[in-house]
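What the coordinates show
Listed below are the residues making up each chain.
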Amino acid sequence: MTRRLLLGYLSLAVLTLLSLGIPLGYVYGRAERAQIISSAEDEAESVSAFASLSIMAGREQRELPHRARHCAERIRGRVVIVGDDGRLLATSHRLSAAESRNLVSRPEIAAALRGRDAIDVRTSTIGGIRYLSVAAPVVHGEELQGAVRLTVPTDAVEARVHRTWLLLAVGGLAILTAVAAVGLVFARWASRPILELERFAHRLADGRFTTPAPVTSGPPEVRSLAATFNQTAARLEHLLASQRAFAAEASHQLKTPLAALRLRLDNLEAEMTGHARDSLGAAITETDRLARMVEGLLAMARLEESAVTPEPVDLDQVCAERLLTWSPLFDQHRAHLALLGDRVGQVLAVPGAIEQILDNLLSNALRATPLGSTVTMVLRCSAADRRHLPARPAWIELHVIDEGPGMTADQRRRAFDRFWRAPDAPKGGTGLGLSLVQRLAHASGGEATLARAPGGGLDAAIRLRPAHRAAQGRPSQGRPSRIGLPRRVRGDRSAPGSAPSPPSVRSPA
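Residues numbered from 1 in each chain as written. Predicted model: local features only at pLDDT ≥ 70, side-chain atom pairs only at ≥ 80, totals over all residues. Heavy atoms only, no water.

1. So, the overall build of the chain
Put simply, the rule is: We count a stretch as a helix when DSSP gives it H or I for four or more residues in a row; a strand needs E for two or more, and each element gets its number in order from the N terminus. Only protein chains enter the accessibility calculation, which uses a 1.4 Å probe. A residue is then buried if its area is under 20% of the maximum for its type, exposed if over 50%, and partly exposed in between. Any two residues whose heavy atoms approach within 4.5 Å at even a single point are treated as in contact. Using a 1.4 Å probe, accessible areas were evaluated by the Shrake-Rupley method; residue-level cover was limited to the displayed protein chains.
Along the chain, the regular secondary structure elements total 11 helices and 12 strands. Buried residues in the chain amount to 38% of all 509 residues. Considering only contacts in the chain between residues 6 or more positions apart, those separated by 24 or more positions represent 68%. Taken as a whole, the chain presents about 29,000 Å² of accessible surface, with 56% of it coming from carbon and sulfur.

2. Observations concerning the packing of aromatic side chains
The test is simple: For Phe, Tyr and Trp, where Trp contributes only its six-membered ring, two rings pair if their centres lie within 6.5 Å, and the inter-plane angle classes them as stacked under 30 degrees, edge-to-face over 60, or tilted in between. Charge-over-ring placement is defined geometrically: NZ (Lys) or CZ (Arg) within 6 Å of the ring centre, and within 35 degrees of the ring normal.
Applying the stated criterion to the full structure yields two aromatic pairs. Judged by centre distance (6.4 Å) and plane angle (65°), the ring pair of tryptophan 326 and phenylalanine 330 falls under edge-to-face. Taken together, the positions of tryptophan 326 and phenylalanine 330, both in helix α8 (residues 315–332) and four residues apart, correspond to about one turn of that helix. Each member of the pair, tryptophan 326 as well as phenylalanine 330, carries the same accessibility label: buried. Lying over the aromatic face of phenylalanine 50, arginine 67 brings its terminal NZ or CZ to 4.9 Å of the ring centre.

3. Considerations on the sheet that holds strand β10 (residues 396–401)
To keep things clear, this is the line we draw: We call two strands paired when DSSP finds no fewer than two bridges between them. For helices, the axis comes from a line fit to the C-alpha atoms of the stretch in contact; other axes are also lines fit to C-alpha atoms, and the angle between any two N-to-C directions lies between 0 and 180 degrees.
Here five strands make up an open sheet; going across it, the order is β7-β9-β10-β12-β11 and the pairing mixed. In the strand order of this sheet, the two ends are held by β7 (336–341) and β11 (447–452), each with one partner. On average, adjacent strands in this sheet sit at an angle of 15° to one another, irrespective of strand direction. As defined by bridge partners, β11 adjoins strand β12 (residues 458–464) across six bridges and the pair is classed as antiparallel. Following the sheet pairing, leucine 450 is matched in β12 by alanine 460. In this fold α8 packs onto β7, β9 (374–381) and β10, with an angle of close to 165° to the strand it touches most, β7.

4. Considerations on a nonpolar patch on the surface
Here is the rule we go by: Patch rule: a residue counts if its relative accessible area is over 30% and it has no salt bridge; like charges are joined within 9 Å, and nonpolar side chains (Val, Leu, Ile, Met, Phe, Trp, Tyr) within 5 Å. Between Lys or Arg on one side and Asp or Glu on the other, a salt bridge is scored when a side-chain nitrogen of the former is within 4 Å of a carboxyl oxygen of the latter.
Taken together, the side chains of Val14, Leu18, Ile22, Tyr26, Val27 and Trp165 present a nonpolar region at the surface, about 570 Å² in accessible area. Ranked by residue count, the leading element in the nonpolar patch is helix α1 (residues 2–57), at five residues. Position of tryptophan 165 among the secondary structure elements: in helix α5 (residues 155–205).

5. Section: the pattern of salt bridges
Scanning the model with the defined rule gives eight salt bridges in all. Close ionic contact of arginine 74 with glutamate 43 constitutes a salt bridge, the shortest N to O distance being 2.5 Å. Separated by 31 residues along the polypeptide, arginine 74 in helix α2 (residues 60–75) and glutamate 43 in helix α1 bring together distant segments of the chain. Judged by its relative accessible area of 40%, arginine 74 is partly exposed. In this structure, a network of salt bridges that share partners links the residues Glu397, Glu447 and Arg463.

6. Some remarks on the environment of leucine 371
Along the chain, leucine 371 turns up in the loop between α9 (353–368) and β9. Each C-alpha atom, one on leucine 371 and one on glutamate 403, is 10.0 Å from the other, the two residues being 32 residues apart in sequence. Once residues lying within four places of it in the same chain are set aside, the contact partners of leucine 371 are His333 and Arg334.

7. Here's the deal with the side chain of threonine 91
Residue position: threonine 91 is located in strand β2 (residues 88–91). Judged by relative accessible area, which is 18%, threonine 91 ranks as buried.

8. Side note on the nonpolar core
Here is a general trend for soluble globular proteins: nonpolar side chains tend to be buried in one another's company. Rules: By convention a nonpolar core is built from buried Ala, Val, Leu, Ile, Met, Phe, Trp, Tyr and Cys residues, the set being connected through side-chain atoms within 4.5 Å.
Of all hydrophobic cores here, the largest spans 46 residues; its most connected members are Leu315, Ile354 and Ile462. Excluding anything up to four places from it in sequence, isoleucine 462 contacts Ile357, Leu361, Ile396, Glu397, Leu398, Val437, Ala441, Glu447 and Ala448. Ile36, Leu64, Leu150 and Val152 belong to the second-largest nonpolar core, a separate cluster that totals 23 residues.

9. A short note on the UniProt feature "transmembrane region" (unreviewed entry) in the chain
Using the following cut-off: UniProt positions are given in the numbering used here, feature names are shortened, and annotations may be inferred rather than shown by experiment.
The sites that UniProt annotates as "transmembrane region" (unreviewed entry) are residues 165–187. Along residues 165–187 the backbone is 100% helical and 0% strand, and the end-to-end C-alpha distance reaches 31 Å.

10. Considerations on α5
Every α-helix winds through 3.6 residues per turn, so residues three or four apart in the chain are directed the same way. Heads up, the rule is: To estimate how far a helix should extend, the number of its residues minus one is multiplied by 1.5 Å. At every residue, the bend is computed as the angle between two fitted axes, covering the seven residues ending there and the seven beginning there respectively.
Taking 1.5 Å per residue as the helical rise, α5 with its 51 residues ought to reach 75 Å, and the 70 Å between its terminal C-alpha atoms agrees with that figure. Maximal helix bending in α5 amounts to about 30°, located at serine 191; proline proline 193 follows within four positions.

11. A look at unusual backbone geometry
Phi at arginine 76 takes a positive value of approximately 55°, unusual for a residue other than glycine. Secondary-structure assignment places arginine 76 in the loop between α2 and β1 (78–83). With relative accessibility at 72%, the residue arginine 76 sits in the exposed group. Not every positive phi belongs to a glycine, and arginine 334 is a case in point at roughly 55°. Residue arginine 334 is classed as partly exposed on the basis of its relative accessible area of 47%.

12. Thoughts on the environment of isoleucine 401
Residue position: isoleucine 401 is located in strand β10. As a C-alpha pair, isoleucine 401 and glycine 456 span 55 residues in sequence and 9.8 Å in three-dimensional space. Contacts of isoleucine 401, omitting those with residues within four sequence positions, involve Thr374, Val375, Thr376, Val378, Ala453, Leu458 and Asp459.

13. Observations regarding the pairing of β1
Across the six residues of β1, five count as buried, placing the element largely inside the fold. Sheet topology places β1 next to strand β5 (residues 143–153); six bridges connect them, and they run antiparallel. Residue pairing across strands places isoleucine 81 opposite valine 148, the latter belonging to β5. Of the strand pairs in this sheet, β1 and β2 are connected by three bridges, and their pairing is antiparallel. Bridged to isoleucine 81 within β2 is alanine 90. Between β1 and β2, which pair antiparallel and follow one another directly, the connecting turn spans four residues, one of which, glycine 86, has a positive phi of 90°.

Okay, here's the thing in structure tokens:
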């Protein structure tokens, strides 16, 4: 902002100086040229009057040469006097015979001999020096007696005009320097409060709004903006605190009655028979779903309570641990869980975020995958963009790919909304898992996307930034290799059709 203000001040100063300096120099140059022309015309008329008296008295041969030389010395130019027939009467400098014969052919002399009272002004260049020529007729009454021609060098006038232009340019540069110095001070004074306000805005965006922005410096408009910003930030902080407190308190308060309700339903199971047992089982299922929803709300409330800084996390190790934890549950449902891809090393993530992301994605994939199918966790390291210097950092991608029915494009766009569930989704979901996945990915500086898998299922991808460039690894070539564990870990098989018990979703530490 300081540079923009300074550029604005300098642009205005340059426009003002050009608007004043160019007309001033142009007017001064015209005035100097008009002055030398007027002086030459006065000298020509004076010599013309003297020549007329000398010719009438018959003393032109004796007086006119002396007058011509004297006038030429005064004007530092040349003087030529001719008669009415073009004959040379007097000159201040030596002329050749050819130049003497060609005097009548000179335009200004010919115009003076024709125009009588007319004065002709012309410019010419002789020997590299510009001259101003003035010719005036020599008349006595109505009788034309000859003409007088004065040539005055204009180099002195041009030098004065050029010197004036140079002074205007130097003065303009000095004024621009002063304007730049004063403008820089003023621009910094005006932009400093805005930069402070920007820093406070970034701190507010990071959840570190502890002290209000200063409102005692800068222009009045900026102070008013800072005061409004403080009011908005305070109101926003109050609203967010109220929202987090409500979600957390509501979740905590619902956990106790839900546990009591589940206990009462379990106690009634031994006394129910027939259709009543089926209704009781449905009630227990909905109670469990409501309990998982409360756990999800509590996790999201804890995530929003404070902004957690992403830390380096070993993604290979976390994926291997999740593989060990979830493989027995997949085996119980006659499904397979595999971990493929590159060794990617450490990524930046909120503590505990990757575990929660994988738990939610694997839980959804387990519900959607058919018997005998495979859910695959794939790790990929996208190459850095070498077209830019310095090269842009690579992304680490974690994919969870299932072979279920998948989602339509519209369903994939809405899948991250809270409490939204697909019409054909299996029972037991709460609609909070993918929303929590997206929030955890954003909090870790990454992003979460859903795409159609090559086999027709769903490809849930999480992109995270690498913690160290050296630990990124290189993109895989050809078929990816298995990492983490050398073989798929199998657990004890349970009865077919038993409900999965995925690991509980934890909030970040």
